[in-house]
Amino acid sequence: MEITVKTAEELRLTAEEFELIQQKLGRTPNFTELCAFSGMWSEHCSYKNSIKWLKTLPRNGGRMLVAAGEENAGLMDMGNGFGVVFKIESHNHPSAIEPFQGAATGVGGIQRDIFTMGARPIASLNSLRFGNLNDVKTRWLLAGVVHGIGHYGNCFGVPTVGGEIYFEDCYHTNPLVNAMSVGIMEAKKMISATAKGVGNPIFFVGSATGKDGIGGASFASANITEESTEDLPAVQVGDPFQEKKLLEACLELAETDTIIGMQDMGAAGIICSTAEMSAKGGVGMRIDLDKVPTRQKNMKAWELLLSESQERMLICVQKGKEAIVLKIFEKWDLPCSEIGEVTDDGILHFYMNGELEAAIPAEELVLGGGAPQYTREYTEPKYLSLIADFKMLDVEDIVNEVELKNTAEKIIQIPNIASKRWVTVQYDSMVGAANTSTNSPSDASVVLAKGTGKALAITTDCNSRYVFADPQKGAMMAVAEAARNIVCSGAEPIGVTNCLNFGNPYNPEVYYQFVKAVTGMGEACKKFNTPVTGGNVSFYNQHPEGAVYPTPTIGMVGILDDFENRMTLDFKEAGDVIVLIGAQQNDIGSSEYLHKIKGVEYSTAPYFNLDEEYQMQQFVSSIIKQKLIQSAHDISEGGLIVTLLEKGFNRDLGFDITADTTGYRKDAFWFGEAQGRVVVTVKKQDTKNLIAKLTDAAINYTVLGTVTALAVTVNNHNWGTITEWKEKYDTAIEKIINKQNEPIIHN
Amino acid sequence: MKFGVVVFPGSNCDRDMQDALQNDLGKEVIMLWHKDEDISMFSTDDCIVLPGGFSYGDYLRCGAIARFSPMMQSVIDFANKGGKVLGVCNGFQILCESHLLPGVLLQNGHQQFACKNVFIKADNSQALKIPIAHGDGRYYAGEKVLDELETNNQILFRYCNELGVVDMKYNPNGAVRNIAGIRNKQGNVFGMMPHPERATSKLLNNMDGKKIFEILGLN
């Protein structure tokens, strides 16, 4: 077969990249070698269009124990010799085509990144974006994705403790499925993704290799079109039972002294794991591909190199200790074969039945080595002028108390705001017996890190409409909200993993969003001292009509050294005083109210000030430690009224709001989404003390009213009982889903 | 009384059970590997626990393969000699597949996996808040078997509301006669779908699981 630039283009490489490959090899590559480059130089593996900007993020310092991107996941110091390992990753493209397997293998992939390091995963989160829930395709995608996450996670045995779900029209064709996992380990036992020591054997363990997922990495690096369904073989199939066994076997192996390095096989399969482990150790490998266990006959070399069959690991073992490894995998009934060894020439040699199929310098394939890095052009998107033209005065304010209550009823039932219990009940959120948020809800999920004496507070956040309205500030707000959620749970934010979901990077307007969002994220992460430990970039979330909202999802981890400082979000007792900390604003920009009720597509991002936000969070953190407050819940989508109602639901406690709203638009006061605000409750006798501290710290506040036994009263108007509001909030999504589908009733 | 917890390759509540028994109930616990057969260290005063999870992947009927494991042959012998055996969730499914308990566990009536707190009660207890997490938890048996269960007081727990009212409205999976857990006629083999081991810790803010172990006489 003659290899030409046309072959390269069919493999989604550019003519320039083909030229570069020829230069690096000093010859024309054969088809197998070209396939290797196609996988490794895909956007997904090489970060070729993002790495220059990612390097501007704060990527070290704080509690970081490995540099960003150096290992399979981030590792941070928890103290007492323990480390927390965490990462978020996208599985958007497979989920758009085959939602069940796409989401399931997304969950499986991120778990492997955690236990490859030697850590036991203790919590999962999912950040999901879909189109309009009234659309039948969206409901199909939602049902499939949720079933897939549950199918994999429930069997694998890691609790799904949190995440977020948004519904916006821009995600109709391109849903986003971002999966995060968090694990704990003894920090000194970390297993590196490295191969070294000439003559050390290379083991292939886990599931047999099939033709599923071939070309997945390059598939994820293209727009989704009508023809995408023809890429179905590029979607992988998952087996959570196999992965559960792989987890236990790998953790058992981690307790021995047999491992030099280990890496899971995700995107671009064998070629990626062999190339990255070799390049990191400055070595080469000789691999006999015919020794790889397969589940299909007559697989070709290029298929074996690129297959993304799930539940597989590559391990570099110390020579002489092979028997220990074989015994552990036999115990767990997992295939385990020695497929090659480490060599000293830096070249990957792949053989098939004794014949050399490919010879490529490992370094040339990888990010930071030979993989190209591009500087892309960017220009300010035209739509931003429509946003700049937004005038709040053109929006008619709410005229009376009846309209106020009616609007609140609508807001509480918007799918972005309403209870997601239809989804979350399908996930095992309690396996591990460590998720304290089940019975004690808080803004971030608080999970016991058993054996360490500490707990972790974990959250994912990104309101992508804010990022759409102002990419730089919007990304800062995503970081700020994540930190706020962790602070309101009583913990200290320590680090970030990010999942950057954008459209086509070759579109300068899309790239502008990317550049600005990364810039904003970096500024905010510096302020909160939460370095970015790693993550994932997903471009090409784009269809013929346009791109998704820029969605830089933040996964943040916080540490709770002393469980006595744990804070919850719910009202505790009637008679407690409700205080809003932070400044009220005359602002309705980019709110759910403005977008969903008033139908305004283009409006400015909500009010945000990084310094004020940081100061407010430090204050809330201090009063939690002083045991001054009874509850804390931040204001986010839907505004103040949603925060108050959510505080009431857990214990069926209502509220009586008597605050003076003079000087504010009614809609801004109740439904505005200005950042930097937290609603706390305080025992009546402690109110004076709290106000004195607020005054000392020069932080804005408003005393809103008091907690009541059941009744909701706003400015002397009877709004019924909290249980009536809860019923609306709990059932809104189920009503939409059951309207067309067979009713599914969870009592 | 000491406890043995069986570890199947897909068990995922084995460590939670160990943790609850050891740290929250102060019991001695020995973990038992599914490929082994030796349980000679246990007397019939002791208890073997089959924990929750997906024993062998459960791609076939839940628990159908686990029944044939070497360890299960020993557990079946142990039960037949009068030794205490508790199966939770997947463990309950395995006990039914092994015919140590009557009836079967079918897919939930609403056809979805469900994980949440529910309330259950024994005949003479108040309502206890215990988590469930299963896709196949709908207990079913023929009328004759059910009548026998009732006559012999073999129904351990039924789904109810927080006030202890037993009604189909509070039944999370469609189980016949709201059954959440049963025992055998001899009173030494217990099976239940809800997870008491997820509710024995102050930090989790739910201690009702301890009362379940008390009711079973395993405290």
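1. A few points about the domain arrangement of chain A
Residue and element names in this part refer to chain A. By the assigned domains, chain A splits into domain 1 (1–40 + 191–373), domain 2 (57–181 + 428–567) and domain 3 (411–416 + 569–741). Here the C-alpha centroids of domain 1 and domain 2 sit 27 Å apart. Across the contact, 36 residues belong to domain 1 and 36 residues belong to domain 2. When the two sides are added together, the surface that domain 1 and domain 2 hide from each other amounts to roughly 2,900 Å², 59% of it contributed by carbon and sulfur. On the surface where domain 1 and domain 2 come into contact, there are four salt bridges. Measuring nitrogen to oxygen at the nearest pair gives 2.9 Å for the salt bridge that ties E248 to R120. Where domain 1 packs against domain 2, one counts 11 residue pairs in polar contact (both at pLDDT 80 or more). Listed by contribution, the elements that provide at least two residues to the side of domain 1 that touches domain 2 are α10 (240–254), β7 (259–264) and β9 (312–317). Of the residues forming the side of domain 1 that touches domain 2, the biggest block, 10 residues, is contributed by α10. The residue makeup of the side of domain 1 that touches domain 2, split by class, is 19 nonpolar, nine polar and eight charged.

2. What about empty space enclosed by the protein?
This structure, assessed with the given rule, holds five cavities of 30 Å³ or more. Put simply, the largest cavity is a space of about 50 Å³. Taken together, M430(A), A433(A), A434(A), N435(A), T438(A), N439(A), R198(B) and L204(B) make up the lining of the largest cavity. Residues of the lining of the largest cavity, tallied by class, amount to four nonpolar, three polar and one charged.

3. A short note on the packing of helix α16 (residues 401–412) of chain A against helix α23 (residues 640–649) of chain A
Residues and elements named next belong to chain A. With their axes 10 Å apart at the nearest point, α16 and α23 run at an angle of 65° to one another. As the angle between them shows, α16 and α23 are arranged roughly perpendicular. α23 is crossed by α16, and the crossing has right-handed handedness. Residue-level contacts link A408, I411 and I412 of α16 to I641, V642, L645 and F649 of α23.

Reading the values: rules and limits
- Residues numbered from 1 in each chain as written.
- Chains lettered and ligands numbered in written order.
- Predicted model: local features only at pLDDT ≥ 70, side-chain atom pairs only at ≥ 80, totals over all residues.
- Heavy atoms only, no water.
- Domains from an automatic or database assignment.
- Contact = heavy atoms within 4.5 Å.
- Buried area = accessible area lost by both parts, 1.4 Å probe.
- Salt bridge = Lys/Arg side-chain N within 4 Å of Asp/Glu carboxyl O.
- Polar contact = N/O pair within 3.5 Å; in protein donor to acceptor, adjacent residues only side chain to side chain.
- Helix = DSSP H or I, 4+ residues; strand = E, 2+ residues; numbered from the N terminus.
- Nonpolar A, V, L, I, M, F, W, Y, C, P; charged D, E, K, R; others polar.
- 1 Å grid on protein atoms, 1.4 Å probe; cavity = no way out; pocket = protein on both sides within 12 Å on 5 of 7 lines; lining within 4 Å.
- Points joined across faces, edges and corners; volume = space filled by probe spheres on them.
- Axes fitted to C-alpha atoms, helices over the stretch in contact; angles between N-to-C directions.
- Parallel < 35°, antiparallel > 145°, perpendicular 65-115°, else oblique.
- Left-handed = near helix turned anticlockwise from the far one by under 90°.

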